[in-house]
Amino acid sequence: MKLDPESFSARILVAFGFRLLQVWSHTIRFEVEDHGNFLQAPLSERFIGALWHNRLLLLPFAIRRFIPQRQGAALISASRDGAWLAKLVRRFDFSVVRGSSSRKGAAAVLQLADVIASGHDVVITPDGPRGPAYRPGGGIILLAQKTGARIVPLHLEYSRYWRLASWDQFFLPCPFARVRFILGPPHQVLATSNEEEFEAERERLKSAMMALVELR
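Here is what the cut-offs are and how they apply
- Residues numbered from 1 in each chain as written.
- Predicted model: local features only at pLDDT ≥ 70, side-chain atom pairs only at ≥ 80, totals over all residues.
- Heavy atoms only, no water.
- Helix = DSSP H or I, 4+ residues; strand = E, 2+ residues; numbered from the N terminus.
- Rg over C-alpha atoms; globule rule 2.2 N^0.38 Å.
- Buried < 20%, exposed > 50% of the residue type's maximum accessible area, 1.4 Å probe, protein only.
- Lys, Arg positive; Asp, Glu negative; His and termini not counted.
- Charge placed at Lys NZ, Arg CZ, Asp CG, Glu CD.
- Polar contact = N/O pair within 3.5 Å; in protein donor to acceptor, adjacent residues only side chain to side chain.
- 1 Å grid on protein atoms, 1.4 Å probe; cavity = no way out; pocket = protein on both sides within 12 Å on 5 of 7 lines; lining within 4 Å.
- Points joined across faces, edges and corners; volume = space filled by probe spheres on them.
- Nonpolar A, V, L, I, M, F, W, Y, C, P; charged D, E, K, R; others polar.
- Axes fitted to C-alpha atoms, helices over the stretch in contact; angles between N-to-C directions.
- Parallel < 35°, antiparallel > 145°, perpendicular 65-115°, else oblique.
- Contact = heavy atoms within 4.5 Å.
- Pairing = 2+ DSSP bridges.
- Salt bridge = Lys/Arg side-chain N within 4 Å of Asp/Glu carboxyl O.

Considering the overall build of the protein
At step 1: Scanning the protein for helices and strands turns up six helices and nine strands.
At step 2: A globule of 216 residues ought to have a C-alpha radius of gyration of about 17 Å, and the protein, at 17 Å, matches this closely.
At step 3: Across its three principal directions, the C-alpha atoms of the protein cover 50 × 40 × 35 Å.
At step 4: Looking at the 216 residues of the protein, the share that counts as buried comes to 50%.
At step 5: Side chains of the protein carry 28 positive and 20 negative charges; the gap between the two charge centres is 7 Å.

What about the environment of S25?
At step 1: By secondary structure assignment, the location of S25 is in helix α1 (residues 8–25).
At step 2: A relative accessible area of 6% means that S25 is categorised as buried.
At step 3: Here Q22 takes part through its backbone oxygen, which lies 2.7 Å from a polar atom of the side chain of S25.

Structural notes on empty space enclosed by the protein
At step 1: Going through the model one piece at a time under the given rule, you end up with one cavity of 30 Å³ or more.
At step 2: Considering only enclosed or pocket space, the largest cavity measures out at about 140 Å³ in volume.
At step 3: Taken together, 15 residues form the lining of the largest cavity, with F38, I63, I67, D121 and V123 sitting closest to its centre.
At step 4: Of all the secondary structure elements, the ones that give two or more residues to the lining of the largest cavity are β2 (47–51), β5 (121–124) and β6 (150–158).
At step 5: Of the residues assigned to the lining of the largest cavity, the class counts are 10 nonpolar, three polar and two charged.

Description of the packing of helix α5 (residues 139–147) against helix α6 (residues 195–213)
The relative placement of two packed helices is expressed as an angle between their axes plus a distance between the axes.
At step 1: Interaxial distance between α5 and α6 falls to 10 Å at its minimum, and their mutual angle equals 100°. In terms of axis orientation, α5 runs roughly perpendicular to α6. Contacts from I140, I141, L142 and Q145 in α5 reach F198, E201, R202 and L205 in α6.
At step 2: Considered class by class, the residues forming the contact of α5 with α6 number five nonpolar, one polar and two charged.

Re the sheet that holds strand β3 (residues 72–76)
At step 1: Strands sit in the order β1-β9-β6-β2-β5-β3-β4 across an open sheet of seven strands; the sheet is mixed. A single partner strand is all that each edge strand has here, and the edge strands are β1 (29–34) and β4 (95–98). The sheet shows a mean angle of 25° between the axes of neighbouring strands, taken without regard to direction.
At step 2: Of the pairings in the sheet, the one linking β1 to strand β9 (residues 178–183) comprises six bridges and is parallel in character. The residue bridging E31 from the neighbouring strand is R180, located in β9.
At step 3: In this fold helix α2 (residues 59–66) packs onto β1, β2, β5, β6 and β9, with an angle of close to 70° to the strand it touches most, β1.
At step 4: Sheet contacts for helix α4 (residues 106–117): β2, β3, β4 and β5; angle to β4, the most-contacted strand, approximately 155°.

Quick notes on α5
At step 1: Turning to α5, its buried residues number three or more, namely G139, I140, I141, L143 and A144.
At step 2: Residues of α5 that are buried make contact with β2, α4, β5, β6 and α6.
At step 3: Positive backbone phi, at 80°, marks G148, one or two positions downstream of α5.

Considering the pattern of salt bridges
At step 1: Counted under the stated rule, the structure contains 10 salt bridges.
At step 2: Of the charged contacts, one joins R46 and D121 as a salt bridge, the two residues approaching to 3.2 Å between their closest N and O atoms. Here the residue R46 occupies a position in the loop between β1 and β2, and D121 occupies one in strand β5, the gap between them amounting to 75 residues.
At step 3: Given the relative accessible area of 15%, R46 is considered buried.
At step 4: Here R135 makes a salt bridge to E199, at a shortest N to O gap of 3.1 Å. Of this pair, R135 sits in the loop between β5 and α5 while E199 sits in helix α6, and the two are 64 residues apart along the sequence.
At step 5: The exposure class assigned to R135 is partly exposed, which follows from its relative accessible area of 26%.
At step 6: Salt bridges sharing partners connect three or more residues here, namely R135, E199, R202 and E203.

Here it is as structure tokens:
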């Protein structure tokens, strides 16, 4: 029988998991590489952070450490598993929007557009929650087109790690690993008028994100 994410026992497990992550993070040596001068960008400019799903575990710690001045919201799957992750993310004082990053996730895209309009950044794992890995969903393209916000590719590179037997081979950094928080140049999504142009924009974003993965 699966545990209800809203139960008291679930709250205890989330609190324990949050504390465990905090202890784990204290063993990690964080570094930052800013390839697009994002850290010098005016706080008045809103951005969409994009990170592949299999690297998201330590992202809240990296954001807290290097860009604490930016307030943001994260897109979390509306699934049952997403409910657990949403509870954990809220403990980092991030807002949460539940929904899909696919083109069918119109409601989530509209909510994220409202978040950006209210003066906050958003973070999306565009290949989540079920993949395929390293393939952006269309929702992030639609969001960028609707809001005009530039997308900042994000990446976490671990010196030592384990990988899970999940659809994206999720990365777990080993304790005492070195973690490079890499920020790519802000990426402007172009307007499109047909499916072919839309797919070309999706491929352009994929290339921008994969360029960070290939930085070893």
